[in-house]
Amino acid sequence: MANTLHFSATLQAAASPVFSKRMNKMHCQSLRVQMVNYNSEATNLALSRSNRVLKVSCEAARVDVLEMNKTDNQAETQLTCVMKFGGSSLASAERMREVAELILSFRNERPVIVLSAMGKTTNKLLLAGEKAVSCGVTNVDSIEELNIIKELHLQTAKELGVDESVIAKHLEELEQLLKGIAMMKELTPRTKDYLASFGECMSTRIFSAYMNKIGAKARQYDAFKIGFITTDDFTNADILEATYPAVAQSLHGDWIRDPAIPIVTGFLGKGWRSCAITTLGRGGSDLTATTIGKALGLREIQVWKDVDGVLTCDPNIYPHAEPVPYLTFDEAAELAYFGAQVLHPQSMRPAREGDIPVRVKNSYNSNAPGTLITRTRDMSKAVLTSIVLKRNVTMLDIVSTRMLGQFGFLAKVFSIFEDLGISVDVVATSEVSISLTLDPSKLWSRDLIQQASVWHLLFVMICIFYSLYYGIYFPAGYFINVYFWHLISSVNVPSFNRNSTMLWKSLRKLL
Ligand SMILES: Nc1ncnc2c1ncn2[C@@H]1O[C@H](COP(=O)(O)OP(=O)(O)O)[C@@H](O)[C@H]1O
Ligand SMILES: N[C@@H](CC(=O)OP(=O)(O)O)C(=O)O
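Treat the numbers as computed from the prediction; the structure is a model and nothing was measured. (Residues numbered from 1 in each chain as written. Chains lettered and ligands numbered in written order. Predicted model: local features only at pLDDT ≥ 70, side-chain atom pairs only at ≥ 80, totals over all residues. Heavy atoms only, no water.)

**Regarding the nonpolar core**
Burial of nonpolar side chains together is a common tendency in soluble globular proteins.
Stage number 1. Counting 47 residues, the largest nonpolar core has Leu251, Val264, Ile292, Leu343 and Ile373 as the members making the most contacts within it.
Stage number 2. Secondary structure elements with two or more residues in this core: strand S4 (111-115), helix H10 (243-257), helix H11 (285-296), strand S10 (300-305), helix H12 (329-337), helix H13 (348-354) and strand S12 (358-362).
Stage number 3. Among residues more than four places away in sequence, those in contact with leucine 343 are Asp286, Val303, Val310, Ala332, Ala336, Met348, Val360 and Ile373.
Stage number 4. Ile113, Val162, Met202 and Met211 belong to the second-largest nonpolar core, a separate cluster that totals 43 residues. (Core = buried A, V, L, I, M, F, W, Y, C linked by side-chain atoms within 4.5 Å. Buried < 20%, exposed > 50% of the residue type's maximum accessible area, 1.4 Å probe, protein only. Helix = DSSP H or I, 4+ residues; strand = E, 2+ residues; numbered from the N terminus. Contact = heavy atoms within 4.5 Å.)

See the structure below:
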């Protein structure tokens, strides 16, 4: 039975072009898998994905390995893992040097590198954009943030001995863009994403040039040019399914033709309708990394931070927070969603779908074991996992005596949210009321109504994640994992209320 379960997960991974090695390592104890008509040529990848046939047999305790029309030598040279380094790991030339050393210290890995913008560059770019709206075209070149960004990148290139021409065009274009914003006196979400993209475009170019300079052959990629296809939700775009085969084809194809360490921009994509640059929401490079991990069926996704893994709580609030050694994908996703800044809320989805372990490590302290995030873990000893704080939560209370004894009332309420494309986080109900919390990162959530029986406030929500162990009622080792959220404190901040008439009107009809 356990084999069967394990196996079904493996089949998902098989949809990727480089799954062979991973399957060999992880599953040869229990499975016989034969792959016919597998074509590793990246150029034919899309075709071969549909042509492949998997033959599988599972014989008790029999050990067999994959057979495929690919030589051992090819399998040995596949890309093996993703290593993502965030802004906190890349704040200076010195840090870039250390990160390069760290990457090269993993002699047995052939990693795909995903990089964020250097330090706080994204914040500075966006702030420069805001200043440009009102400063006038002639004053753009004296925007403080623009000069800090220029200085940081030129200085980094210089210190690393990299020709500044690798970013000169971007710096020029950035200034032009800010002048355009100043001229138009507006900064749209679309322009914000274009503006933010300069950070990752420049950090990857400098880093790639540096790797080549020290003799580690590297190739820079802009995610929006290699198949990261997203919705057109500027500033918070979602990755579309078409991304996986496109990214696999691009990275794997180049690697087979001419191996070089891929250095990919995190955070960025390309809107499928607009064809404009989009961003995946703040901290979105984690999602870039897990998307690449799934697309290529890699063995592991490493997310390198400035802390020793996912901690029991935000170290900025409690400095003695400790690393959590193991988490499941679901736990990590919940933690991220409910406010743990350390991971992007959507980033666990591709890893979970591809069943690829995610390791959160500290680039300043590489010996620390970090946090390993996998599909399952031993929950028997897990009592309290973590405490997180989510600010600016919008809470909506819907109160109506019409709910009493009714059936289908909740369904009607939720169909309104569905129609309006509003996602609900946490729900509590009584006989006459429904309380909901809504995602503060979405515009609609901030624009909600403030009317009679439907009202909302901005809350701070503290969530405690723990598991319940029902050892008494179930056979040993069997447990039910229940997540509870507790509204412990609520700090009320009056909300602003503009355009949510649609939701208000729909709910009113019901109440
Ligand atoms: N539960 C938590 N565990 C670890 N770090 C957390 C947690 N909550 C908040 N943080 C903050 O998240 C930071 C790391 O995330 P982030 O700044 O996005 O890193 P990076 O820029 O490297 O991607 C840490 O420096 C820490 O201050
Ligand atoms: N640079 C982007 C994307 C990102 O993922 O950054 P970091 O990895 O530093 O959190 C941001 O600041 O949001």
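**What about the pattern of salt bridges?**
Stage number 1. Counted according to the given criterion, the structure contains 18 salt bridges.
Stage number 2. With a closest N to O distance of 2.7 Å, glutamate 331 and arginine 377 form a salt bridge. A residue pair is termed long-range when its members are at least 10 positions apart, and glutamate 331 in helix H12 and arginine 377 in the loop between strand S13 (371-374) and strand S14 (384-399) qualify at 46 residues. The burial state of glutamate 331 is the same as that of arginine 377; both residues are buried. (Salt bridge = Lys/Arg side-chain N within 4 Å of Asp/Glu carboxyl O.)

**A short note on helix H5 (residues 93-105)**
Stage number 1. Relative to the 18 Å expected for 13 residues at 1.5 Å per residue, H5 spans 18 Å between its end C-alpha atoms, a close match to the ideal helical length.
Stage number 2. Residues of H5 that are buried in the fold lie against strand S3 (81-85), S4, helix H7 (144-159), helix H9 (189-213) and S10. (Expected span 1.5 Å × (residues − 1).)

**Some words on the packing of helix H6 (residues 121-135) against H7**
Stage number 1. Between H6 and H7, whose axes approach to 8 Å, the crossing angle comes to 145 degrees. Of the two elements, H6 crosses H7, and the hand of that crossing is left-handed. Counting all contacts with H6, which are made through Thr121, Lys124, Leu125, Leu127, Ala128 and Lys131, the residues of H7 involved are Glu144, Glu145, Leu146, Ile148, Ile149, Leu152 and His153.
Stage number 2. A class-by-class count of the residues in the contact of H6 with H7 yields seven nonpolar, two polar and four charged. (Axes fitted to C-alpha atoms, helices over the stretch in contact; angles between N-to-C directions. Left-handed = near helix turned anticlockwise from the far one by under 90°. Nonpolar A, V, L, I, M, F, W, Y, C, P; charged D, E, K, R; others polar.)

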